[in-house]
Amino acid sequence: MDYLRPIAEFAQRLFHIHLKDAQVETQRLNDVGILATPLEYHTPKIPGRGQIDWRKFLAALQAAGYNGPICIEVEDRDFEGSLEARKQALRQSGAFLRQCLKETIH
């Protein structure tokens, strides 16, 4: 899916953004096809551990004039074992996204 186009298309309707990432397993997708349930061919990840280009995403939000809240979703099996692990996921992803944001501002 083109995750950048809807930002421009719906710029006036954006009011609360949730961030999550995914790792698409191309070979598995080739085996099961696009009509399979998503978890059959992708693995949810926190922002920074998947395939989203967060610099481009954040730049698109800025270009659209978005200045509302951004929520990091912890949907990553590596961080779901405990509250401390989920907190670590938020810290790690937050640091990554802050760095991406600095790089998009120039």
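Now for a quick tour of the structure. (Residues numbered from 1 in each chain as written. Predicted model: local features only at pLDDT ≥ 70, side-chain atom pairs only at ≥ 80, totals over all residues. Heavy atoms only, no water.)

1. Structural notes on the overall build of the protein
Part 1 of the argument: The helix and strand inventory of the protein stands at four helices and four strands.
Part 2 of the argument: Starting at the N terminus and walking to the C terminus, you meet the elements of the protein as α-β-β-α-β-α-β-α.
Part 3 of the argument: Out of the 106 residues in the protein, the part that is buried amounts to 27%.
Part 4 of the argument: The contacts of the protein with a sequence gap of at least 6 include a subset with a gap of at least 24, amounting to 70%.
Part 5 of the argument: Carbon and sulfur atoms form 55% of the exposed surface of the protein, whose accessible area is close to 7,100 Å².
Part 6 of the argument: Here the protein holds 14 positive side-chain charges and 14 negative ones, and the gap between their average locations is 5 Å. (Helix = DSSP H or I, 4+ residues; strand = E, 2+ residues; numbered from the N terminus. Buried < 20%, exposed > 50% of the residue type's maximum accessible area, 1.4 Å probe, protein only. Contact = heavy atoms within 4.5 Å. Areas by Shrake-Rupley, 256 points an atom, 1.4 Å probe, with all protein chains shown as cover. Lys, Arg positive; Asp, Glu negative; His and termini not counted. Charge placed at Lys NZ, Arg CZ, Asp CG, Glu CD.)

2. Here's the deal with the environment of Pro47
Part 1 of the argument: Within the secondary structure layout, Pro47 lies in the loop between β3 (42-45) and α3 (54-63).
Part 2 of the argument: Assessed through its relative accessible area of 2%, Pro47 is described here as buried.
Part 3 of the argument: Each C-alpha atom of the pair Pro47 and Val32 lies 25 Å from the other, and the pair is 15 residues apart in sequence.

3. Brief notes about the nonpolar core
Part 1 of the argument: Among the nonpolar cores identified, the biggest contains eleven residues, and these are Ile7, Ile17, Leu19, Trp54, Phe57, Leu58, Ala60, Leu61, Tyr66, Leu97 and Cys100.
Part 2 of the argument: At the level of elements, β1 (17-19), α3 and α4 (83-105) are the ones that each hand at least two residues to this core.
Part 3 of the argument: Counting residues per element, this core draws most heavily on α3, which supplies five residues. (Core = buried A, V, L, I, M, F, W, Y, C linked by side-chain atoms within 4.5 Å.)

4. Here we look at the packing of aromatic side chains
Part 1 of the argument: A complete count under the given rule lists one aromatic pair for this structure.
Part 2 of the argument: Centroid distance Trp54 to Phe57: 5.2 Å. Interplanar angle 70 degrees. Geometry classified as edge-to-face. Linking Trp54 with Phe57, this pair stays in helix α3, spanning three residues, or about one helical turn.
Part 3 of the argument: In this structure Trp54 comes out as buried when scored by relative accessible area, which is 3%.
Part 4 of the argument: Of the residues examined, Phe57 reaches a relative accessible area of 11% and is grouped as buried. (Phe/Tyr/Trp six-rings, centres within 6.5 Å; stacked < 30°, edge-to-face > 60°.)

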